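# Summary of the model geometry
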Amino acid sequence: MKPRKIPLRKCVACQQMMPKKQLIRVVRTPEDEVMIDLSGKKSGRGAYLCGQVSCFKLAHKNRALDRALKTTVKPEIYEQLARDFIAVEDEFTAMAKQESDDDE
């Protein structure tokens, strides 16, 4: 049986290619709302970040999310994303660990 192809995406901050499931998606919805999308299925334009706070800070410093989402991300949205990112980071790492355990 042919091995299943794993979709790769690039982190907008560190430019590293990684499997899609190992990255956190930030999405700009059709209503121009910017939020974190853990499911990876919300409609809108998406950008991917490594599950590390350092990558989020680098993306904020370099305005990488602005370019990737093709919109100006306001400072208060960055602050909200920072709070969400820190809250989601633990959940994201737990999900990634669970998936790796399931693969074994």
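Predicted, not measured: the structure shown is a model, and the values here were computed from it. (Residues numbered from 1 in each chain as written. Predicted model: local features only at pLDDT ≥ 70, side-chain atom pairs only at ≥ 80, totals over all residues. Heavy atoms only, no water.)

Another aspect to go through is the side chain of Asp 37. Mapped onto the elements, Asp 37 comes out in strand E4 (residues 34-37). Classification of Asp 37 as buried rests on a relative accessible area of 2%. Here the side chain of Asp 37 touches Ser 39 through a polar contact of 2.8 Å, side chain to side chain. Here the side chain of Asp 37 touches Lys 41 through a polar contact of 3.1 Å, landing on its backbone nitrogen. Among residues more than four places away in sequence, those in contact with Asp 37 are Arg 25, Val 27 and Lys 42. (Helix = DSSP H or I, 4+ residues; strand = E, 2+ residues; numbered from the N terminus. Buried < 20%, exposed > 50% of the residue type's maximum accessible area, 1.4 Å probe, protein only. Polar contact = N/O pair within 3.5 Å; in protein donor to acceptor, adjacent residues only side chain to side chain. Contact = heavy atoms within 4.5 Å.)

Within the open sheet, the three strands sit side by side as E4-E3-E5. Their pairing is antiparallel. Here the strands that pair on one side only, and so sit at the sheet edges, are E4 and strand E5 (45-50). When the angles between neighbouring strand axes are averaged without regard to direction, this sheet yields 30 degrees. Sheet analysis places strand E3 (residues 23-28) next to E5, joined by six bridges and oriented antiparallel. Note that in E5 the partner of Arg 25 across the bridge is Tyr 48. (Pairing = 2+ DSSP bridges. Axes fitted to C-alpha atoms, helices over the stretch in contact; angles between N-to-C directions.)

This part is about the nonpolar core. Of all hydrophobic cores here, the largest spans 26 residues; its most connected members are Cys 11, Val 12, Val 26, Leu 49, Phe 56, Leu 65 and Leu 81. For this core, the secondary-structure elements that each account for two or more residues are E3, E4, E5, helix H1 (53-62), helix H2 (64-69) and helix H3 (75-103). Excluding residues within four positions of it along the chain, Phe 56 makes contact with Leu 49, Leu 65, Tyr 78, Leu 81, Ala 82 and Phe 85. (Core = buried A, V, L, I, M, F, W, Y, C linked by side-chain atoms within 4.5 Å.)

This brings us to the pattern of salt bridges. Per the counting criterion, the structure on display carries three salt bridges. Where Asp 32 meets Arg 28, a salt bridge forms, and the shortest distance between an N and an O atom there is 3.3 Å. (Salt bridge = Lys/Arg side-chain N within 4 Å of Asp/Glu carboxyl O.)

Attention now goes to the confidence of the model for the protein chain. For the protein chain, the average pLDDT comes to 84, and 92% of its residues sit at 70 or higher. Per-element mean pLDDT across the protein chain ranges from 73 in H3 up to 95 in strand E1 (residues 8-10). (pLDDT = per-residue confidence, 0-100.)

On to the side chain of Thr 29. Relative to the assigned elements, Thr 29 resides in the loop between E3 and E4. Every residue in contact with Thr 29, bar those within four places of it in the chain, is listed here: Met 35, Ser 43 and Gly 44.

Here we come to unusual backbone geometry. In this structure, Asp 32 takes a positive phi of about 60 degrees despite not being glycine. Within the secondary structure layout, Asp 32 lies in the loop between E3 and E4. Asp 32 gets classed as exposed once you look at its relative accessible area, which sits at 52%.

Scanning the model with the defined rule gives zero disulfides in all. Lacking any disulfide linkage, Cys 14 is separated from the closest cysteine sulfur, that of Cys 50, by 3.5 Å. When its relative accessible area of 31% is taken as the criterion, Cys 14 is described as partly exposed. (Disulfide = S-S within 2.5 Å.)

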